[in-house]
Amino acid sequence: MTDEVDEYGFSTRGVRAGVRRTEQGEQSEPIFTTSSFVFGSAEQAAARFSGAEPGNVYSRFTNPTVNAFERRLAALEGGERCVATSSGMAAILTACLGLLKAGDHVICAHGVFGNTALLFGNYLGRFGIETSFVSLTELAAWESALRPNTRLLFVETPANPLAQIADIAALAALAHRHGCLLAVDNTVCTAALQRPLALGADIVVLSATKYIDGQGRCIGGAIVGSEALVGREVYGALRTTGACLSPFNAWVFLKGLETLAVRMRAHSANAQHLAEWLGRQSVVRQVYYAGLPEHPQSELARRQQSGFGGLLAFELEGGRAEAWRFINAVKLISVTANLGDTKSSITHPATTTHGRLTAEAREAAGIREGLVRIAAGLEDVEDLMADLKRGFAAL
Ligand SMILES: *Cc1c(COP(=O)(O)O)cnc(C)c1O
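Scoring rules and cut-offs
- Residues numbered from 1 in each chain as written.
- Predicted model: local features only at pLDDT ≥ 70, side-chain atom pairs only at ≥ 80, totals over all residues.
- Heavy atoms only, no water.
- Helix = DSSP H or I, 4+ residues; strand = E, 2+ residues; numbered from the N terminus.
- Contact = heavy atoms within 4.5 Å.
- Areas by Shrake-Rupley, 256 points an atom, 1.4 Å probe, with all protein chains shown as cover.
- Buried < 20%, exposed > 50% of the residue type's maximum accessible area, 1.4 Å probe, protein only.
- Pairing = 2+ DSSP bridges.
- Polar contact = N/O pair within 3.5 Å; in protein donor to acceptor, adjacent residues only side chain to side chain.
- Near = heavy atom within 4 Å.
- Arc of directions from axis to C-beta.
- Axes fitted to C-alpha atoms, helices over the stretch in contact; angles between N-to-C directions.

**Re the overall build of the protein**
Here's step 1: Helix and strand content of the protein: 15 helices and 12 strands.
Here's step 2: In the protein, once contacts between residues fewer than 6 apart in sequence are set aside, the share between residues at least 24 apart is 74%.
Here's step 3: Counting only carbon and sulfur atoms, one obtains 53% of the accessible surface of the protein, whose full area is about 16,400 Å².

**Side note on the pairing of strand S7 (residues 221-225)**
Here's step 1: Most of S7 is tucked away: five of the five residues are buried.
Here's step 2: By the alternation rule, side chains of S7 split into Gly221, Ile223 and Gly225 and Ala222 and Val224, which are all buried.
Here's step 3: Pairing of strand S1 (residues 81-85) with S7 involves five bridges; the strand directions are antiparallel. From the neighbouring strand, Ala84 faces S7, where its bridge partner is Ala222.
Here's step 4: Looking at chain direction, strand S6 (residues 203-207) and S7 are connected through five bridges and run antiparallel. Across the sheet, the residue bridging to Val205 is Ile223, located in S7.

**Digging into the side chain of Asn63**
Here's step 1: As for its position among the elements, Asn63 is in the loop between helix H2 (42-50) and helix H3 (64-77).
Here's step 2: Reaching out from Asn63, the side chain makes a polar contact with the backbone oxygen of Phe32 at a distance of 3.0 Å.
Here's step 3: Here the side chain of Asn63 touches Ser59 through a polar contact of 3.0 Å, side chain to side chain.
Here's step 4: Setting aside residues no more than four positions away along its own chain, Asn63 makes contact with Phe32, Thr34, Phe37, Asn56 and Pro247.

**Focus: the site of the ligand**
Here's step 1: Taken together, the neighbourhood of the ligand is formed by Ser87, Gly88, Met89, Phe113, Glu156, Asp185, Thr187, Ser207, Thr209, Lys210 and Gly220.
Here's step 2: Residue Thr209 places a side-chain N or O atom 2.7 Å away from an oxygen atom belonging to the ligand.
Here's step 3: A distance of 2.7 Å is found between an oxygen atom of the ligand and a side-chain nitrogen or oxygen belonging to Lys210.
Here's step 4: Burial of the ligand by the protein amounts to 92% of the accessible area it has alone, namely 380 Å².

**So, helix H13 (residues 320-329)**
Here's step 1: Within H13, burial applies to Ala323, Phe326, Ile327 and Ala329. The buried residues of H13 occupy an angular sector of 165° when the element is viewed end-on, so they sit on one face.
Here's step 2: For H13, the secondary structure elements touched by its buried residues are strand S9 (311-316), strand S10 (334-335), strand S11 (345-347), strand S12 (371-375) and helix H15 (381-393).

**Re the sheet that holds strand S3 (residues 130-134)**
Here's step 1: Pairing within the open sheet is mixed, and its seven strands lie in the order S1-S7-S6-S5-S4-S2-S3. Two strands lie at the open edges of the sheet, namely S1 and S3, each paired on one side alone. Going across the sheet, the axis of each strand differs from the next one's by a mean of 20°, ignoring polarity.
Here's step 2: Two elements, strand S4 (residues 150-156) and strand S5 (residues 181-185), share five bridges in a ladder whose sense is parallel. The partner of Phe154 across the bridge, within S5, is Ala183.
Here's step 3: Packed onto the sheet, helix H7 (residues 168-177) meets S4 and S5 and runs at close to 150° relative to S5.
Here's step 4: Sheet contacts for helix H9 (residues 227-241): S1, S5, S6 and S7; angle to S1, the most-contacted strand, approximately 25°.

So, in C-alpha coordinates, the structure goes:
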(Lines give C-alpha, C1' and ligand atoms only; values in the text may rest on other atoms or scores of the structure.)
Protein backbone atom coordinates (compact mmCIF):
# COMPACT_ATOMS: atom_id res chain seq x y z
CA MET A 1 0.00 0.00 0.00
CA THR A 2 2.92 2.33 0.56
CA ASP A 3 3.33 2.39 -3.19
CA GLU A 4 6.15 3.84 -5.13
CA VAL A 5 7.50 6.27 -2.52
CA ASP A 6 8.93 3.85 0.07
CA GLU A 7 12.48 4.89 -0.70
CA TYR A 8 11.86 8.59 -0.04
CA GLY A 9 12.31 10.57 3.18
CA PHE A 10 9.52 11.42 5.62
CA SER A 11 8.66 14.87 4.26
CA THR A 12 8.56 13.61 0.67
CA ARG A 13 6.22 10.80 1.65
CA GLY A 14 4.03 13.31 3.50
CA VAL A 15 3.66 15.34 0.31
CA ARG A 16 3.60 12.56 -2.31
CA ALA A 17 2.57 9.17 -0.94
CA GLY A 18 -0.78 7.66 -1.83
CA VAL A 19 -1.45 9.69 -4.98
CA ARG A 20 -3.28 7.95 -7.84
CA ARG A 21 -3.73 10.74 -10.37
CA THR A 22 -6.91 10.54 -12.48
CA GLU A 23 -7.08 10.99 -16.27
CA GLN A 24 -7.68 14.74 -15.66
CA GLY A 25 -4.02 15.17 -14.70
CA GLU A 26 -4.78 17.16 -11.54
CA GLN A 27 -1.87 18.35 -9.39
CA SER A 28 -3.82 18.53 -6.11
CA GLU A 29 -5.81 15.51 -4.98
CA PRO A 30 -9.54 15.49 -5.87
CA ILE A 31 -12.41 14.84 -3.44
CA PHE A 32 -14.70 11.97 -4.45
CA THR A 33 -17.98 12.96 -2.81
CA THR A 34 -20.03 9.98 -3.83
CA SER A 35 -21.75 7.41 -1.66
CA SER A 36 -21.80 4.64 -4.27
CA PHE A 37 -20.06 3.65 -7.52
CA VAL A 38 -21.52 2.61 -10.87
CA PHE A 39 -20.83 -0.76 -12.49
CA GLY A 40 -20.50 -1.48 -16.20
CA SER A 41 -22.82 -4.47 -16.05
CA ALA A 42 -24.74 -6.79 -13.75
CA GLU A 43 -21.83 -9.22 -14.05
CA GLN A 44 -19.37 -6.60 -12.85
CA ALA A 45 -21.67 -5.60 -9.95
CA ALA A 46 -21.80 -9.23 -8.85
CA ALA A 47 -18.00 -9.58 -9.14
CA ARG A 48 -17.41 -6.40 -7.11
CA PHE A 49 -19.86 -7.43 -4.38
CA SER A 50 -18.37 -10.91 -4.08
CA GLY A 51 -14.85 -9.49 -3.98
CA ALA A 52 -13.80 -11.47 -7.07
CA GLU A 53 -13.01 -8.15 -8.78
CA PRO A 54 -11.30 -5.38 -6.78
CA GLY A 55 -12.83 -1.92 -7.01
CA ASN A 56 -15.21 0.52 -5.38
CA VAL A 57 -18.74 -0.44 -4.39
CA TYR A 58 -19.90 1.89 -1.66
CA SER A 59 -18.09 4.59 0.33
CA ARG A 60 -18.56 2.85 3.68
CA PHE A 61 -16.24 0.16 2.25
CA THR A 62 -13.83 2.13 0.07
CA ASN A 63 -13.61 5.67 -1.25
CA PRO A 64 -10.72 6.97 -3.40
CA THR A 65 -10.10 10.08 -1.28
CA VAL A 66 -10.27 8.16 1.99
CA ASN A 67 -7.97 5.50 0.52
CA ALA A 68 -5.44 8.15 -0.58
CA PHE A 69 -5.32 9.45 3.01
CA GLU A 70 -4.95 5.90 4.31
CA ARG A 71 -2.08 5.11 1.93
CA ARG A 72 -0.26 8.33 2.82
CA LEU A 73 -0.66 7.87 6.60
CA ALA A 74 0.44 4.21 6.32
CA ALA A 75 3.57 5.39 4.49
CA LEU A 76 4.33 7.89 7.28
CA GLU A 77 3.65 5.55 10.21
CA GLY A 78 5.53 2.73 8.48
CA GLY A 79 2.61 0.27 8.46
CA GLU A 80 1.31 -2.04 5.77
CA ARG A 81 -2.27 -0.85 6.11
CA CYS A 82 -4.23 2.09 7.45
CA VAL A 83 -7.98 2.24 8.07
CA ALA A 84 -9.51 5.70 8.49
CA THR A 85 -12.44 6.29 10.86
CA SER A 86 -15.00 8.98 11.64
CA SER A 87 -13.20 10.06 14.85
CA GLY A 88 -10.29 9.16 17.07
CA MET A 89 -12.68 7.43 19.47
CA ALA A 90 -14.11 5.45 16.54
CA ALA A 91 -10.54 4.36 15.72
CA ILE A 92 -10.07 2.97 19.23
CA LEU A 93 -13.53 1.36 19.32
CA THR A 94 -13.15 -0.16 15.84
CA ALA A 95 -9.72 -1.55 16.71
CA CYS A 96 -11.26 -3.17 19.81
CA LEU A 97 -14.22 -4.55 17.82
CA GLY A 98 -11.84 -6.05 15.30
CA LEU A 99 -9.25 -7.47 17.70
CA LEU A 100 -11.10 -8.38 20.94
CA LYS A 101 -13.96 -10.62 22.03
CA ALA A 102 -15.95 -11.26 25.22
CA GLY A 103 -13.72 -12.80 27.88
CA ASP A 104 -10.61 -10.89 26.79
CA HIS A 105 -8.70 -8.70 29.23
CA VAL A 106 -7.09 -5.34 28.43
CA ILE A 107 -4.43 -3.42 30.33
CA CYS A 108 -4.63 0.33 29.82
CA ALA A 109 -2.50 3.17 31.15
CA HIS A 110 -3.87 5.59 33.74
CA GLY A 111 -3.94 9.07 32.31
CA VAL A 112 -5.01 8.17 28.79
CA PHE A 113 -7.43 10.56 27.07
CA GLY A 114 -10.56 10.83 29.27
CA ASN A 115 -12.96 9.27 26.75
CA THR A 116 -10.55 6.41 26.12
CA ALA A 117 -10.61 5.58 29.84
CA LEU A 118 -14.43 5.74 29.79
CA LEU A 119 -14.63 3.53 26.69
CA PHE A 120 -12.53 0.80 28.30
CA GLY A 121 -13.84 1.26 31.84
CA ASN A 122 -17.58 1.83 31.26
CA TYR A 123 -18.55 0.51 27.84
CA LEU A 124 -16.38 -2.43 26.78
CA GLY A 125 -16.98 -3.97 30.22
CA ARG A 126 -20.66 -4.36 29.33
CA PHE A 127 -19.63 -6.66 26.51
CA GLY A 128 -17.43 -8.87 28.63
CA ILE A 129 -14.08 -7.19 27.99
CA GLU A 130 -12.49 -6.29 31.31
CA THR A 131 -9.82 -3.59 31.65
CA SER A 132 -7.18 -3.04 34.33
CA PHE A 133 -5.63 0.42 34.62
CA VAL A 134 -1.97 0.73 35.56
CA SER A 135 0.68 3.41 35.83
CA LEU A 136 1.96 4.44 32.42
CA THR A 137 5.59 4.51 33.44
CA GLU A 138 5.90 1.44 35.73
CA LEU A 139 6.69 -1.61 33.64
CA ALA A 140 6.41 -3.89 36.69
CA ALA A 141 2.78 -2.79 37.16
CA TRP A 142 1.96 -3.83 33.57
CA GLU A 143 3.64 -7.17 34.13
CA SER A 144 1.77 -7.91 37.36
CA ALA A 145 -1.57 -6.94 35.77
CA LEU A 146 -1.15 -9.61 33.07
CA ARG A 147 -3.65 -12.49 33.11
CA PRO A 148 -3.87 -15.61 30.97
CA ASN A 149 -6.68 -13.94 28.97
CA THR A 150 -4.91 -10.57 28.48
CA ARG A 151 -5.05 -9.78 24.79
CA LEU A 152 -4.24 -6.07 24.46
CA LEU A 153 -1.98 -3.51 26.13
CA PHE A 154 -3.12 0.04 25.36
CA VAL A 155 -0.94 3.08 25.90
CA GLU A 156 -0.91 6.74 24.96
CA THR A 157 2.50 8.41 24.94
CA PRO A 158 3.19 11.18 25.65
CA ALA A 159 0.11 11.12 27.87
CA ASN A 160 -2.18 14.11 27.76
CA PRO A 161 -2.01 16.42 29.72
CA LEU A 162 0.94 15.47 31.96
CA ALA A 163 3.38 14.40 29.23
CA GLN A 164 4.44 11.15 30.92
CA ILE A 165 6.35 8.91 28.50
CA ALA A 166 5.83 5.17 28.18
CA ASP A 167 8.68 2.94 27.00
CA ILE A 168 7.15 1.58 23.78
CA ALA A 169 9.90 -0.94 23.02
CA ALA A 170 9.78 -2.37 26.56
CA LEU A 171 5.96 -2.63 26.51
CA ALA A 172 6.05 -4.27 23.07
CA ALA A 173 8.55 -6.86 24.31
CA LEU A 174 6.38 -7.54 27.38
CA ALA A 175 3.23 -7.86 25.26
CA HIS A 176 4.88 -10.24 22.80
CA ARG A 177 6.39 -12.44 25.55
CA HIS A 178 2.81 -13.02 26.75
CA GLY A 179 1.09 -13.37 23.40
CA CYS A 180 -0.59 -9.94 23.60
CA LEU A 181 -0.81 -7.01 21.23
CA LEU A 182 0.44 -3.50 21.97
CA ALA A 183 -1.63 -0.55 20.71
CA VAL A 184 -0.19 2.97 20.93
CA ASP A 185 -2.26 6.15 20.65
CA ASN A 186 0.05 8.38 18.57
CA THR A 187 -2.21 11.46 18.47
CA VAL A 188 0.06 13.79 20.41
CA CYS A 189 3.38 13.15 18.62
CA THR A 190 2.13 11.90 15.23
CA ALA A 191 4.43 9.99 12.91
CA ALA A 192 6.44 13.17 12.43
CA LEU A 193 7.93 12.79 15.94
CA GLN A 194 7.41 9.13 16.87
CA ARG A 195 7.02 5.84 14.96
CA PRO A 196 5.56 3.27 17.43
CA LEU A 197 5.44 0.46 14.84
CA ALA A 198 9.20 0.69 14.33
CA LEU A 199 9.61 0.39 18.12
CA GLY A 200 7.62 -2.86 18.15
CA ALA A 201 3.99 -1.77 18.64
CA ASP A 202 1.42 -3.85 16.73
CA ILE A 203 -1.02 -1.08 15.97
CA VAL A 204 -1.16 2.70 16.07
CA VAL A 205 -4.46 4.44 16.71
CA LEU A 206 -4.87 8.18 16.51
CA SER A 207 -7.20 11.13 16.38
CA ALA A 208 -6.62 12.91 13.06
CA THR A 209 -8.72 15.74 14.48
CA LYS A 210 -5.63 17.11 16.18
CA TYR A 211 -2.28 17.59 14.46
CA ILE A 212 -3.09 15.78 11.22
CA ASP A 213 -5.82 18.28 10.45
CA GLY A 214 -3.67 20.88 12.12
CA GLN A 215 -6.17 23.71 11.83
CA GLY A 216 -9.09 22.57 13.99
CA ARG A 217 -11.61 21.87 11.21
CA CYS A 218 -12.55 18.19 11.01
CA ILE A 219 -13.11 15.15 13.23
CA GLY A 220 -11.51 11.87 12.17
CA GLY A 221 -9.18 9.07 13.16
CA ALA A 222 -7.13 6.16 11.91
CA ILE A 223 -5.66 2.76 12.76
CA VAL A 224 -2.34 1.65 11.25
CA GLY A 225 -0.61 -1.74 11.37
CA SER A 226 -0.11 -5.00 9.53
CA GLU A 227 -2.23 -6.36 6.70
CA ALA A 228 -3.28 -9.26 8.95
CA LEU A 229 -4.43 -7.18 11.92
CA VAL A 230 -5.58 -3.92 10.36
CA GLY A 231 -6.22 -4.92 6.74
CA ARG A 232 -8.27 -7.96 7.74
CA GLU A 233 -9.60 -7.81 11.31
CA VAL A 234 -9.98 -4.06 11.86
CA TYR A 235 -11.11 -3.25 8.32
CA GLY A 236 -13.62 -6.11 8.52
CA ALA A 237 -15.08 -4.56 11.67
CA LEU A 238 -15.16 -1.08 10.16
CA ARG A 239 -16.97 -1.93 6.93
CA THR A 240 -19.69 -3.71 8.92
CA THR A 241 -20.02 -1.43 11.96
CA GLY A 242 -19.80 1.72 9.88
CA ALA A 243 -17.69 4.43 11.59
CA CYS A 244 -16.13 5.36 8.23
CA LEU A 245 -14.46 8.69 7.43
CA SER A 246 -16.16 11.19 5.13
CA PRO A 247 -14.30 11.96 1.86
CA PHE A 248 -14.21 15.67 2.62
CA ASN A 249 -12.60 15.13 6.02
CA ALA A 250 -10.19 12.63 4.46
CA TRP A 251 -9.15 15.27 1.94
CA VAL A 252 -8.51 17.84 4.70
CA PHE A 253 -6.34 15.30 6.53
CA LEU A 254 -4.56 14.26 3.32
CA LYS A 255 -3.54 17.87 2.73
CA GLY A 256 -2.66 18.23 6.43
CA LEU A 257 -0.11 15.43 6.09
CA GLU A 258 1.74 17.51 3.47
CA THR A 259 2.73 20.08 6.11
CA LEU A 260 2.83 17.78 9.15
CA ALA A 261 6.62 17.57 9.55
CA VAL A 262 7.07 21.34 9.27
CA ARG A 263 4.20 22.08 11.64
CA MET A 264 5.29 19.59 14.30
CA ARG A 265 8.75 21.18 14.40
CA ALA A 266 7.17 24.63 14.85
CA HIS A 267 4.68 23.45 17.51
CA SER A 268 7.55 21.78 19.39
CA ALA A 269 9.71 24.92 19.26
CA ASN A 270 6.92 27.11 20.66
CA ALA A 271 6.05 24.59 23.38
CA GLN A 272 9.72 24.23 24.42
CA HIS A 273 10.08 28.00 24.68
CA LEU A 274 6.89 28.33 26.76
CA ALA A 275 7.81 25.39 29.03
CA GLU A 276 11.19 26.92 29.86
CA TRP A 277 9.64 30.33 30.45
CA LEU A 278 6.81 28.99 32.63
CA GLY A 279 9.36 27.12 34.75
CA ARG A 280 10.88 30.47 35.71
CA GLN A 281 7.57 31.93 37.03
CA SER A 282 7.37 31.99 40.83
CA VAL A 283 3.71 30.89 41.15
CA VAL A 284 4.24 27.85 38.92
CA ARG A 285 4.71 24.77 41.07
CA GLN A 286 5.64 22.42 38.24
CA VAL A 287 5.82 22.31 34.43
CA TYR A 288 5.06 19.08 32.59
CA TYR A 289 6.98 18.85 29.30
CA ALA A 290 9.39 16.11 28.23
CA GLY A 291 11.70 18.65 26.58
CA LEU A 292 12.73 19.91 30.04
CA PRO A 293 15.78 18.11 31.44
CA GLU A 294 14.07 17.75 34.86
CA HIS A 295 11.19 15.78 33.32
CA PRO A 296 11.47 12.24 34.80
CA GLN A 297 11.40 10.53 31.38
CA SER A 298 13.24 13.14 29.34
CA GLU A 299 16.00 10.62 28.43
CA LEU A 300 13.43 8.10 27.22
CA ALA A 301 11.60 10.82 25.26
CA ARG A 302 14.87 11.81 23.60
CA ARG A 303 15.44 8.17 22.62
CA GLN A 304 12.04 7.34 21.17
CA GLN A 305 10.86 10.73 19.85
CA SER A 306 12.48 13.12 17.41
CA GLY A 307 10.77 16.11 19.08
CA PHE A 308 8.65 16.80 22.16
CA GLY A 309 5.45 18.10 20.56
CA GLY A 310 3.13 21.01 21.22
CA LEU A 311 1.40 19.99 24.43
CA LEU A 312 2.46 21.18 27.87
CA ALA A 313 0.86 21.64 31.25
CA PHE A 314 1.73 23.50 34.40
CA GLU A 315 0.47 23.50 37.94
CA LEU A 316 -0.26 26.76 39.71
CA GLU A 317 0.11 27.31 43.43
CA GLY A 318 -3.49 27.10 44.65
CA GLY A 319 -6.40 25.18 43.17
CA ARG A 320 -9.36 25.51 40.85
CA ALA A 321 -10.07 29.18 41.65
CA GLU A 322 -6.54 30.24 40.68
CA ALA A 323 -6.52 28.09 37.56
CA TRP A 324 -9.86 29.50 36.39
CA ARG A 325 -8.78 33.10 37.17
CA PHE A 326 -5.62 32.53 35.11
CA ILE A 327 -7.57 31.08 32.17
CA ASN A 328 -10.18 33.85 32.28
CA ALA A 329 -7.47 36.53 32.08
CA VAL A 330 -5.88 35.44 28.79
CA LYS A 331 -7.19 37.15 25.65
CA LEU A 332 -5.34 35.71 22.66
CA ILE A 333 -5.12 32.02 23.55
CA SER A 334 -8.45 30.26 22.94
CA VAL A 335 -10.25 28.65 25.86
CA THR A 336 -11.03 25.37 24.12
CA ALA A 337 -10.22 21.73 24.66
CA ASN A 338 -8.96 21.04 21.15
CA LEU A 339 -5.26 20.60 20.55
CA GLY A 340 -3.14 20.37 17.44
CA ASP A 341 -4.48 23.62 16.02
CA THR A 342 -2.46 26.54 14.63
CA LYS A 343 -4.33 28.57 17.27
CA SER A 344 -3.01 28.00 20.80
CA SER A 345 -5.52 26.77 23.35
CA ILE A 346 -5.75 26.69 27.12
CA THR A 347 -7.89 24.42 29.33
CA HIS A 348 -8.49 23.27 32.88
CA PRO A 349 -8.28 19.46 32.52
CA ALA A 350 -9.85 18.64 35.92
CA THR A 351 -13.18 20.25 34.91
CA THR A 352 -13.15 19.66 31.13
CA THR A 353 -11.33 16.81 29.37
CA HIS A 354 -11.03 14.81 32.59
CA GLY A 355 -14.14 16.19 34.33
CA ARG A 356 -16.22 13.03 33.94
CA LEU A 357 -13.70 10.82 35.72
CA THR A 358 -14.28 10.15 39.41
CA ALA A 359 -12.16 12.18 41.83
CA GLU A 360 -10.17 9.02 42.65
CA ALA A 361 -9.50 8.26 38.99
CA ARG A 362 -8.38 11.87 38.46
CA GLU A 363 -6.10 11.71 41.47
CA ALA A 364 -4.61 8.42 40.21
CA ALA A 365 -4.01 10.10 36.86
CA GLY A 366 -2.30 13.04 38.60
CA ILE A 367 -4.78 15.64 37.29
CA ARG A 368 -4.94 18.22 40.10
CA GLU A 369 -7.19 21.27 40.43
CA GLY A 370 -4.36 23.76 39.89
CA LEU A 371 -3.34 22.18 36.59
CA VAL A 372 -3.57 24.20 33.36
CA ARG A 373 -2.93 22.69 29.91
CA ILE A 374 -1.65 24.61 26.92
CA ALA A 375 -1.55 23.34 23.36
CA ALA A 376 1.04 25.61 21.77
CA GLY A 377 -0.08 26.78 18.34
CA LEU A 378 1.87 28.55 15.63
CA GLU A 379 1.52 32.20 16.73
CA ASP A 380 4.62 34.25 17.60
CA VAL A 381 5.87 32.94 20.93
CA GLU A 382 6.37 36.51 22.23
CA ASP A 383 2.64 37.13 21.81
CA LEU A 384 1.83 33.90 23.65
CA MET A 385 4.08 34.86 26.56
CA ALA A 386 2.55 38.36 26.71
CA ASP A 387 -0.88 36.75 26.87
CA LEU A 388 0.12 34.35 29.65
CA LYS A 389 1.51 37.31 31.60
CA ARG A 390 -2.10 38.57 31.78
CA GLY A 391 -2.93 35.30 33.53
CA PHE A 392 -0.11 35.69 36.04
CA ALA A 393 -1.07 39.33 36.67
CA ALA A 394 -4.62 38.23 37.58
CA LEU A 395 -3.48 35.90 40.39
C1 LIG B 1 -8.76 13.73 20.95
C2 LIG B 1 -8.11 12.48 21.31
C3 LIG B 1 -8.73 11.25 21.09
C4 LIG B 1 -10.13 11.13 20.54
O5 LIG B 1 -10.21 11.65 19.25
P6 LIG B 1 -11.54 12.29 18.61
O7 LIG B 1 -11.13 12.59 17.23
O8 LIG B 1 -11.89 13.48 19.43
O9 LIG B 1 -12.60 11.24 18.72
C10 LIG B 1 -8.05 10.09 21.42
N11 LIG B 1 -6.81 10.14 21.95
C12 LIG B 1 -6.18 11.30 22.17
C13 LIG B 1 -4.81 11.30 22.73
C14 LIG B 1 -6.80 12.51 21.87
O15 LIG B 1 -6.18 13.68 22.11
